[in-house]
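Coordinate analysis (summary)
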Amino acid sequence: MKRSKSINLAAMRKTSVAPKIAAISLAVSAVLLQGCGAPKQEAHVFKNITECVDINPNQQSLCETAHIKALNEAERTAPKYTSKRECESEFGSSNCLTSSSNSNWFMPVMAGFMLGNITSNLTRNSCPSYSYFSNRGCYSSSPVFTSTGGGSYAGGWYGADGTRYGKTSSKTARVSNDVFTPKKTTTRTISRGGFGSVAKAKSSWGGSRRYGGGWGG
Amino acid sequence: MQRVATSERPHWRDLAEEYGFQFHTMHGKPYWDETAYYQFSLRQIEEDIEAPTEELHQMCLEVVAQVVKDEQLLEKFCIPEAYWNAIHNSWQNKQPSLYSRIDLAYNGTGPAKLYENNADTPTSIYETGFWQWLWLEDQINNGKLSGNTDQFNSLQEKLIARFQQINSTNSQQTLHFSCCKDTAEDRGTVQYLQDCAEQAGITNKFVFIEDIGHGEGDCFTDLDDQIIKRMFKLYPWEFMLREDYGPLLLSAETQFLEPWWKSIVSNKALLPMLWQLFPDHPNLLPAYFEDQRQHISTGTFVKKPLFSREGANISIIKDGQLQNNIDGPYGEEGYIYQSYYPLPRFDNNYTLIGSWLINDEAAGISIREDSSIITQDLSRYLPHVIV
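Conventions adopted
- Counting from 1, residues in each chain are numbered in the order their sequence is written.
- Each chain takes a letter, starting from A, and each ligand takes a number, starting from 1, following the order in which they are written.
- Confidence filtering applies because this is a predicted model: local features only for residues at pLDDT of at least 70, side-chain atom pairs given and counted only at 80 or more, and all residues used for totals across whole chains, interfaces and linings.
- Neither water nor hydrogens contribute to the side-chain values; these are computed over all heavy atoms in the structure.
- Counting from the N terminus, the helices are DSSP H or I runs at least four residues long and the strands are E runs at least two residues long.
- Only C-alpha atoms enter the radius of gyration; for comparison, a globular chain is expected to reach 2.2 Å times N to the power 0.38, where N is the number of residues.
- Residue exposure (1.4 Å probe, protein chains only): buried if accessible area is under 20% of the type maximum, exposed if over 50%, otherwise partly exposed.
- Areas reported as accessible are Shrake-Rupley estimates using a 1.4 Å probe. Residue values count occlusion only from the protein chains shown.
- Neither His nor the chain termini are counted; the positive set is Lys and Arg, and the negative set is Asp and Glu.
- To locate a charge, take atom NZ for lysine, CZ for arginine, CG for aspartate or CD for glutamate.
- Here the axes come from fitting lines to C-alpha atoms, over the contacting stretch only for helices, and the angles between their N-to-C directions go from 0 to 180 degrees.
- Here the word oblique covers every angle except those under 35 degrees (roughly parallel), over 145 (roughly antiparallel) and from 65 to 115 (roughly perpendicular).
- Any two residues whose heavy atoms approach within 4.5 Å are treated as being in contact.
- Put plainly, a pocket is an open set of points on a 1 Å grid over the protein atoms alone with protein on both sides within 12 Å along at least five of seven lines, a cavity is a set where a 1.4 Å probe fits but cannot get out, and a lining residue has an atom within 4 Å of a point.
- Grid points are joined across faces, edges and corners, and a volume is the space filled by probe spheres set on the points.
- As a working rule, the residues Ala, Val, Leu, Ile, Met, Phe, Trp, Tyr, Cys and Pro are called nonpolar, Asp, Glu, Lys and Arg charged, and the rest polar, with Gly in that last group.
- In short, DSSP must find at least two bridges between two strands for them to pair.
- Per residue, pLDDT captures the predictor's confidence, and it can take any value from 0 to 100.
- What makes a salt bridge here is a side-chain nitrogen of Lys or Arg within 4 Å of a carboxyl oxygen of Asp or Glu, nothing more.

Some thoughts on the overall build of chain B
Along chain B, the regular secondary structure elements total 11 helices and 22 strands. In terms of overall size, chain B behaves like a compact globule, its C-alpha atoms giving a radius of gyration of 21 Å where 387 residues would be expected to give roughly 21 Å. Overall size of chain B, expressed as C-alpha extent along the three principal axes, is 60 × 55 × 35 Å. Classification of the 387 residues of chain B by burial places 65% in the buried group. Carbon and sulfur atoms provide 44% of the accessible area of chain B, an area that totals close to 13,800 Å². Side chains of chain B carry 30 positive and 56 negative charges; the gap between the two charge centres is 4 Å.

Regarding the packing of helix α2 (residues 42-67) of chain B against helix α11 (residues 270-277) of chain B
All names here are of chain B. One way to put it is that α2 packs onto α11 with a least axis distance of 10 Å and a crossing angle of 100°. Overall, the two elements α2 and α11 adopt an arrangement that is roughly perpendicular. Contacts between α2 and α11 pair M59, C60, E62, V63, Q66 and V67 from the former with L270, M273, L274 and L277 from the latter.

Digging into empty space enclosed by the protein
Residues and elements named next belong to chain B. Overall, the coordinates contain five cavities of 30 Å³ or more when judged by the stated rule. Volume-wise, the largest cavity comes out at about 420 Å³. Mapped onto the lining of the largest cavity, the elements with two or more residues apiece are β5 (99-105), β6 (113-118), β14 (300-305), β17 (335-339), β19 (349-358) and β20 (361-370). Classifying every residue of the lining of the largest cavity by side-chain character gives 11 nonpolar, 11 polar and nine charged.

Quick look at the sheet that holds strand β11 (residues 230-234) of chain B
Residues and elements named next belong to chain B. Strand order in the open sheet formed by four strands is β8-β7-β11-β12, with parallel pairing between adjacent strands. The open sheet has two free edges, formed respectively by β8 (204-206) and β12 (255-257), since each of these has just one partner strand. Neighbour-to-neighbour, the strand axes of the sheet open up by a mean angle of 25°, direction not taken into account. With three bridges connecting them, strand β7 (residues 175-179) and β8 associate as parallel partners. In the strand pairing of β8, H176 is matched with K205. Packed on one face of the sheet, helix α7 (residues 184-199) meets β7, β8 and β11 and runs near 165° to β7.

So, the sheet that holds strand β9 (residues 213-215) of chain B
Across a sheet, strands are paired by hydrogen bonds formed along the backbone, either parallel or antiparallel in direction. Overall, antiparallel pairing links the three strands, which are arranged β10(A)-β9(B)-β10(B) in an open sheet. At either end of the open sheet lies a strand with only one pairing partner, and these are β10 (189-192) of chain A together with β10 (219-221) of chain B. The average undirected angle you get between the axes of adjacent strands in this sheet is 35°. When β10 of chain A meets β9 of chain B, the two strands line up antiparallel, connected through three bridges. Within β9 of chain B, the position partnered with T189 of chain A by the bridge is G215 of chain B.

Some remarks on the confidence of the model for chain B
Chain-level pLDDT for chain B is 94 on average; 99% of the residues reach the 70-or-more range. Scored as a complex, the prediction yields pTM 0.75 and ipTM 0.91.

Examining the pattern of salt bridges
In the structure shown here, the tally under the stated rule is 29 salt bridges over all chains. In this structure, E46 of chain B and K2 of chain A form a salt bridge, with 2.9 Å as the shortest nitrogen-oxygen distance. Remark: K2 of chain A occurs in the segment before α1 (9-12) and E46 of chain B occurs in helix α2; the pair is interchain, linking two chains. With a relative accessible area of 33%, E46 of chain B lands in the partly exposed category. As a salt-bridge pair, K205 of chain B and D222 of chain B come within 2.7 Å of each other at their nearest N and O atoms. In this pair, K205 of chain B is assigned in strand β8 and D222 of chain B in the loop between β10 and β11, connecting sequence segments 17 residues apart. A relative accessible area of 22% means that K205 of chain B is categorised as partly exposed. Under the relative-accessibility criterion, D222 of chain B is labelled buried at 2%. What emerges from the salt-bridge pattern is a single network uniting R3, D33, D347, E369 and R380 of chain B.

Pasting the structure below:
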């Protein structure tokens, strides 16, 4: 058979409003989308506190805080699934756990965390609310995930929103500073209407036949 | 290959209303035409259309591979220099493609000939993936056609599957969809693609091209000031690169469907390049650049702008003299010449086959008919069957 075996006709009808499919993970991750145009830094990806202390000697306290904060962030922002099987099909078997905020949801295990230095030489009281103060600087941490099986998340460090930060064989990732700040979905719009002028010019072209049915071909 | 006259379903316009097919009649004239259908054998479809479509696509990819790294060719394709890197990176990074439509002249015997590749903004996908499929279901259900009548059309299933594939690493990010205002046809086409994306579990949101904003941090925003991270556009790359927000495309980090590199395939400079790389290929027509005019001084050629659509600004040249032409607003960037190979005639109509690919897989065909030899935006759309 050379044609589509079946088509969901109900979903194609326009005379009544089709119910919106509300994926669970959307509600939580709506705050995750990155802003744009932020400067970048090399961030270490630590699989555990020990690796963090190896790179940051005498910073046990910073590394422990970073780890806990990243775990909290992972709980809040990791992709959620309604079945363990679904989660494991993306992240590998035995790599998913029950969400502690809702025991009906499953999410991937946090594979590591990135530690970002927001700024240095500040006092405890002047760190932005999403960061924490340690050793005369403001820091923030971000969880990363990977698949222990196959699938599209294998071999790489991925943020909760699916952004790929580099290969698991690498100990660092090049990330924009936005990774460590609260995720924005919106930004101030400076202007509008910078696209569409060529189409407008072409449709107001006169000629013997009406033009402008559409811009496909 | 035959053209078979048949009767319209009495209720088809009500059905169109029910399923949101609003542009079935345009400017008072029929566009969707079910007073006849075309009939093919399975061999004709598989050997003469499906296989050559996939082969032609691979040949086009070879052209892209050559052009993206060659400044002289990029200039010949009239791509502004500021965007050369972006196009090159888009190809190197293998940014995914959703679909293309290759236009073929084919009469049932002999190799189909490539007219052009609508690789950036192909239209008629709704009529093809859904509406003509529904027509066949109806004809089988009401006994007009036998139960084992088939159609070369797995477009909708493949579209949904491809959306799922493209989405796999971005599962929670909104995919914006965009087209111009004031065109029911484009809005209907985009709605269809949104419907497919919805069935693939993708959060989708519509914004008109003219409403897209410049967000702080040099990105694009929709009317809710939401950052546009990935966007399907039914709007040509060659327009965007020449508009005020063109330079923003370089900083915005927005992923597009179709991706940057497809703009090389939709450019008619593709045609002389194909002829250079694959001369005498059975599915190709000889084609030449302006600077190869020695080849067109005798014989009949079709002169086509690098950037044009739906037959606009096409003219036919015989032995160097203009024969007929279609008006239009295109041609600024120059032209190519393709050997004249007329469309086949069925009754009083010239018939063009649009052969679709979803990514690199042949997925189905659409049929357009016109009393004029040059297919245009008002050319009628007819269904087909395989028997």
